[in-house]
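Structural characterization, general
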Amino acid sequence: MSASIEDLLTFEEEPPPQARATGGGRVRGVLRSLAVAGALTAVVVAGLRTVGLQVSLAVVVAGVVALLAVRRVTAALAPPPPPRVGARAPAGEEDGHYHWASRDALRAAINGWERPLDWSSGRPERFAERLLPRLGELADERLRQRHGFTRESDPARARALLGDRLSTFLDTPPRRTPSPRDLAAIVAELEKI
């Protein structure tokens, strides 16, 4: 899966999620919690009496309610379970949280740069073959979006906007792989377009 710069730079407002009806849901949840607390209290009291211990009913009820409250809080704070291996990823993530284990276009775009950068370190021919065309596409896309032309359609204006250093870098393969500092400077110049 590849994402163009257009896909990464566009933003579309998402419709707000539909509000759930909370009329009977809250009462039902409270009644269910009370039923569970009552059942657990009965089991604990019966178990204690079976072994010959007598504990105040208020202490048992308070312990069961505290245990259920801790369980509910930890369940609410727990991270989502990791996706099953081989399972299909959901079409959209609507909850507003970033899921680090999921596959998305941002992660694919980062990996699309990270792997070739790692692969071409110390090999200028690989850099010229794999990364230089991508950087040229980014420059062309920025020129097209902001100024309405590309390096091919108007080379003189493109060179004037890009500057001599960036234009020369994009047009001629480097004799050595650029250092991370050099690449950062190039990206900064691309962002100024």
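Note: the structure precedes this text.
A brief look at the structure comes next. (Residues numbered from 1 in each chain as written. Predicted model: local features only at pLDDT ≥ 70, side-chain atom pairs only at ≥ 80, totals over all residues. Heavy atoms only, no water.)

**Quick notes on a positive patch on the surface**
- Residues Arg 28, Arg 32, Arg 71 and Arg 72 make up a contiguous surface patch of positive charge.
- With a relative accessible area of 58%, Arg 72 lands in the exposed category. (Patch = residues over 30% accessible without salt bridge, like charges linked within 9 Å, V, L, I, M, F, W, Y side chains within 5 Å. Areas by Shrake-Rupley, 256 points an atom, 1.4 Å probe, with all protein chains shown as cover. Salt bridge = Lys/Arg side-chain N within 4 Å of Asp/Glu carboxyl O. Lys, Arg positive; Asp, Glu negative; His and termini not counted. Charge placed at Lys NZ, Arg CZ, Asp CG, Glu CD. Buried < 20%, exposed > 50% of the residue type's maximum accessible area, 1.4 Å probe, protein only.)

**Structural notes on helix α2 (residues 25-50)**
- For α2, with 26 residues, the first-to-last C-alpha span of 37 Å sits near the 38 Å given by 1.5 Å per residue.
- Three or more residues of α2 are buried, namely Ala 37, Thr 41 and Val 45.
- Buried residues belonging to α2 abut α3 (57-77).
- Gly 52 occupies a position one or two residues after α2 and carries a positive phi of about 90°. (Helix = DSSP H or I, 4+ residues; strand = E, 2+ residues; numbered from the N terminus. Expected span 1.5 Å × (residues − 1). Contact = heavy atoms within 4.5 Å.)

**Some thoughts on the packing of helix α7 (residues 164-171) against helix α8 (residues 180-192)**
- The contact between α7 and α8 brings their axes to 10 Å, and the two run at 110°. In terms of axis orientation, α7 runs roughly perpendicular to α8. Crossing angle aside, the handedness with which α7 passes α8 is left-handed. In this structure, α7 contributes Arg 165, Leu 166 and Phe 169 to the contact, and α8 contributes Asp 182, Ala 185, Ile 186, Glu 189 and Leu 190.
- Taken together, the residues that form the contact of α7 with α8 break down as five nonpolar, no polar and three charged. (Axes fitted to C-alpha atoms, helices over the stretch in contact; angles between N-to-C directions. Parallel < 35°, antiparallel > 145°, perpendicular 65-115°, else oblique. Left-handed = near helix turned anticlockwise from the far one by under 90°. Nonpolar A, V, L, I, M, F, W, Y, C, P; charged D, E, K, R; others polar.)

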